Amino acid sequence: MENINSIIEERLNKGVKLKEKGVNLYPAGYHIDLTVDKIIQRFEKLDKESLEKETASFQIAGRVMARRDFGKASFINIKDNKAQIQVYLRKDKVGEENFQTFKLMDIGDFIGIKGSLFRTRTDELTILAEDLTLLSKSLRPLPEKWHGLTDVETRYRQRYVDLIVNDDVKDLFIIRSKIIQALRTFFIEKDFLEVETPMMHAIPGGATARPFKTYHNALSMDLYLRVAPELYLKRLVVGGLEKVFEINRNFRNEGISIKHNPEFTMLEFYMAYATYEDLMKLTEELFSYILKHTVNTSTITYQGTQIDFSTPWDRQTLFDSIRKMANPPEEIFLDRDAAYAFAKKKDINVNENEIHGKILTNLFDHLVEPHLTNPTFITGYPTEVSPLSRSNDQDPAITDRFELFIGGREIANAFTELNDPVDQRQRFESQVALREAGDKEAQFMDTDYLRALEYGMPPTAGEGIGIDRLVMLLTNAPSIRDVILFPHMRPQ
RNA sequence: GGGCCGUUAGCUCAGCAGGUAGAGCAGCGGACUUUUAAUCCGUUGGUCGUGAGUUCGAUUCUCGCACGGCCCA
């Protein structure tokens, strides 16, 4: 601590000296004629001679990233939003006053430069400064210039420093933004309406997950941060908004891991008159669209594994996928105790009083999911683990539902919505019974949602896509923390 | 929640079979008007994550705790 203070002290002293010279350390604004990337774009192709004819001077601004001082001259690298360029400062060109000011500046400071372009002996496109302005004094040293910042803890806690020095991090978040933009455009072009539904719920619903609890003082009531927007989006479908989507945060009060952050971004969309089978096609189309508008390829490599997005994607029922990977006795699909015994045999940890459907999905999670590398739709989820899905007409024990797996991870969950209010009430009742039996993830009875269904919801299909995991895939990020700007951390 | 690993200068890292620490970059002073990891000379900077134990003596060994990473639940 002593040392960082001495560095800050040194810089504060320079600030005092600058002020004595009449320099404002934090002036308001600066007129920029061109951004660095525009300069490079426009002048990169010009050689030494053509550049010499370009006498126009302009103003640029950015952060000083490096400096190489000579007695009466200096080279600095300036970085702005998108690019970096070298600036050559000569005492005889900028004048005595400016050069003194410059001498009191540090790496990390923001600077405005007025100058014109030339090429150095080594042919590097460089700005010859005529004038300079201190735009913001930096008091803390940046990480070292060639190893940069690698400590993951500091990178997550001080993302601003990470972004300053690690260009690949900035690039990743630019891709993230493009992915979300592409999703939005895709749905808007298909005539979906983007909506915002409550983040604070009196009754948390729409997913089997534990919620965060908060308290509203004026109303003297508990509120929960939403675990999913599902029940509100479907209320909108009841209201006649037949195609809606929302891209926003969900909050789940669960463990933190390489694939879980307490708050994460989810896309949910609902489409009246569609079925889950329609959504499989739509999902393939959606991914093609995103790939085309971001990474522009149909095959990606994620953590060393090739993933081929070529359509149509593989479709398997949950039961068939377990049959294929684990070759279990057939009774496990019919008999809860047989499934439990099989799970034990396979060393899979299941609660003693776990319901049949949950045991089967546990089996799937361990035996099948990690192997689903290329995009795969898994269908036929048991009704008892799908409290909001329409049950299948041929086999009411399963639902009209799929989950999408890519790279061994769940990416999307979709189903034909349960719009029968009588059936939905019974499903809620089963959930409440599970909750009373100790299942903290079981869902709550939501009578207003039932009331909405009682007014009539058209046949509808809906889907949720985990945006963070999608971004991980497309940016080859090993951890969800790499794709969230400010991931959750314990206080230091 | 469990297991393994890590935490040393602003950053990236050495080191210590136990005798209170080094390098490079950054910083500071000096030389230097086409460098780009500029160069050359000199130099400052550390409660070695934290608390306890063992010891004449702990950054080093032991245990607890905190934070982080990976794996498992």
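The structure presented is a predicted model; accordingly, all values stated were derived computationally and were not measured.

J.: What am I meant to see in the overall build of chain A here?
T.: Secondary structure assignment for chain A yields 16 helices and 18 strands. In terms of overall size, chain A is more extended than a compact globule, its C-alpha atoms giving a radius of gyration of 29 Å where 492 residues would be expected to give roughly 23 Å. Across its three principal directions, the C-alpha atoms of chain A cover 90 × 55 × 50 Å. Taking all 492 residues of chain A together, the buried fraction comes to 49%. Of the roughly 24,700 Å² of accessible surface on chain A, 50% is carried by carbon and sulfur atoms. Charge-centre separation for chain A: the mean point of 64 positive side chains lies 7 Å from the mean point of 75 negative side chains.

J.: Even after reading the chapter, I still don't get the protein's contact with RNA strand B, so can you show me in this structure?
T.: Taken together, 44 residues sit near RNA strand B, with Lys14, Thr122, Lys145, Trp146 and Glu153 positioned nearest. In the environment of RNA strand B, a phosphate oxygen lies 2.3 Å from a nitrogen or oxygen atom belonging to the side chain of Arg481. Of all the secondary structure elements, the ones that give two or more residues to the surface near RNA strand B are helix H1 (2-20), strand S1 (58-69), strand S2 (73-79), strand S3 (84-90) and helix H6 (152-157). With six residues, the top contributor of residues to the surface near RNA strand B is H1. Its residues assigned to classes, the surface near RNA strand B shows 17 nonpolar, 10 polar and 17 charged.

J.: Any chance you could explain the side chain of Arg159 here in plain terms?
T.: Within the secondary structure layout, Arg159 lies in helix H7 (residues 159-165). For Arg159, a relative accessible area of 0% gives the class buried. Setting aside its immediate chain neighbours within four residues, Arg159 contacts Thr154, Val169, Phe173, Arg481, Asp482, Ile484, Leu485, Phe486 and Pro487.

J.: Please clarify how the environment of Val422 should be interpreted in this entry.
T.: Residue placement: Val422 occurs in helix H14 (residues 421-436). Assessed through its relative accessible area of 56%, Val422 is described here as exposed.

J.: Just to check I follow, could you spell out the nonpolar core for this structure?
T.: If you look at the biggest cluster of nonpolar residues, it comprises 49 residues, and the most contacted ones within it are Phe187, Leu267, Phe269, Phe287 and Ile465. Aside from chain neighbours lying at most four places away, what touches Phe287 is Phe309, Trp313, Leu404, Ile406, Ile411, Ile465 and Leu470.

J.: How should I be thinking about the sheet that holds strand S7 (residues 200-201) in this particular structure?
T.: For sheets, the rule is that strands pair by backbone hydrogen bonds, running either parallel or antiparallel. With antiparallel pairing, the three strands of this open sheet are ordered in space as S7-S9-S8. Each of the sheet's edge strands pairs with one partner strand only, and the pair in question is S7 and strand S8 (213-216). Pairing between S7 and strand S9 (residues 221-225): two bridges, direction antiparallel. Its bridge partner being in S9, Met200 is matched across the sheet by Leu225.

J.: Help me out: how do you make sense of unusual backbone geometry in this one?
T.: Trans is the common state for peptide bonds, and a negative phi is the common state for residues other than glycine. Cis geometry marks the peptide bond from Thr311 to Pro312, where omega comes out at -5°. Not every positive phi belongs to a glycine, and Asp123 is a case in point at roughly 70°. With respect to the helices and strands, Asp123 occurs in the loop between strand S4 (110-119) and strand S5 (125-136). Among the residues examined, Asp123 registers a relative accessible area of 46% and is labelled partly exposed. Backbone geometry places Gln303, a non-glycine residue, at a positive phi of 50°. Looking at the element boundaries, Gln303 is found in the loop between strand S12 (299-302) and strand S13 (305-308).

J.: Please explain the domain arrangement of chain A as it appears in this structure.
T.: How large an interface is tends to be reported as the accessible area lost when its parts come together. Here chain A is described as being made up of domain 1 (4-142) and domain 2 (165-313 + 374-483). Placing the centre of domain 1 and that of domain 2 at their C-alpha centroids yields a distance of 48 Å.

J.: Just to check I follow, could you spell out the pairing of S3 for this structure?
T.: Here is the key point about a regular strand: its side chains alternate between the two faces of the sheet. Judged by how many residues are buried, S3 sits mostly within the fold: five of seven residues are covered. Relative to S3, S2 runs antiparallel, the two being bridged by seven bridges. The residue of S3 that forms the bridge with Ile76 is Val87. With antiparallel pairing between neighbouring strands as the criterion, S2 and S3 make up a hairpin whose turn holds four residues. One ladder, built from three bridges, connects S3 with S5; its direction is parallel. If you follow Gln86 over to S5, its bridge partner there is Thr126.

J.: Can you walk me through the environment of Ile76 in this structure?
T.: Structurally, Ile76 is set in strand S2. It is 20 Å that separates the C-alpha atoms of Ile76 and Gly15, two residues lying 61 residues apart in sequence. Ignoring any residue separated from it by four or fewer positions in sequence, one finds Ile76 in contact with Val64, Ala66, Arg67, Ile85, Gln86, Val87, Leu89, Phe102 and Ile111.

J.: Quick question: what am I supposed to make of the pattern of salt bridges here?
T.: In a structure, side chains of opposite charge can pair up when their charged atoms sit close to one another. The tally for this structure, following the rule as stated, stands at 32 salt bridges. Put simply, Glu230 and Lys234 hold a salt bridge, and the shortest N to O gap is 2.8 Å. Within this pair, Glu230 and its partner Lys234 are both found in helix H9 (residues 230-238), separated by four residues, close to a single helical turn. Taking the relative accessible area as the measure of exposure, Glu230 reaches 5% and is therefore buried. Look at Lys234 and you get buried, because its relative accessible area is 0%. For Arg425, the salt bridge goes to Glu454, with nearest N and O atoms at 3.0 Å. Here Arg425 is found in helix H14, whereas its partner Glu454 is found in helix H15 (residues 447-455), with 29 residues between them in sequence. One network of salt bridges, with partners in common, ties together Arg11, Lys14, Asp106, Asp109 and Lys137.

Reading the values: the criteria
Residues numbered from 1 in each chain as written. Chains lettered and ligands numbered in written order. Predicted model: local features only at pLDDT ≥ 70, side-chain atom pairs only at ≥ 80, totals over all residues. Heavy atoms only, no water. Helix = DSSP H or I, 4+ residues; strand = E, 2+ residues; numbered from the N terminus. Rg over C-alpha atoms; globule rule 2.2 N^0.38 Å. Buried < 20%, exposed > 50% of the residue type's maximum accessible area, 1.4 Å probe, protein only. Areas by Shrake-Rupley, 256 points an atom, 1.4 Å probe, with all protein chains shown as cover. Lys, Arg positive; Asp, Glu negative; His and termini not counted. Charge placed at Lys NZ, Arg CZ, Asp CG, Glu CD. Near = heavy atom within 4 Å. Polar contact = N/O pair within 3.5 Å; in protein donor to acceptor, adjacent residues only side chain to side chain. Nonpolar A, V, L, I, M, F, W, Y, C, P; charged D, E, K, R; others polar. Contact = heavy atoms within 4.5 Å. Core = buried A, V, L, I, M, F, W, Y, C linked by side-chain atoms within 4.5 Å. Pairing = 2+ DSSP bridges. Domains from an automatic or database assignment. Salt bridge = Lys/Arg side-chain N within 4 Å of Asp/Glu carboxyl O.

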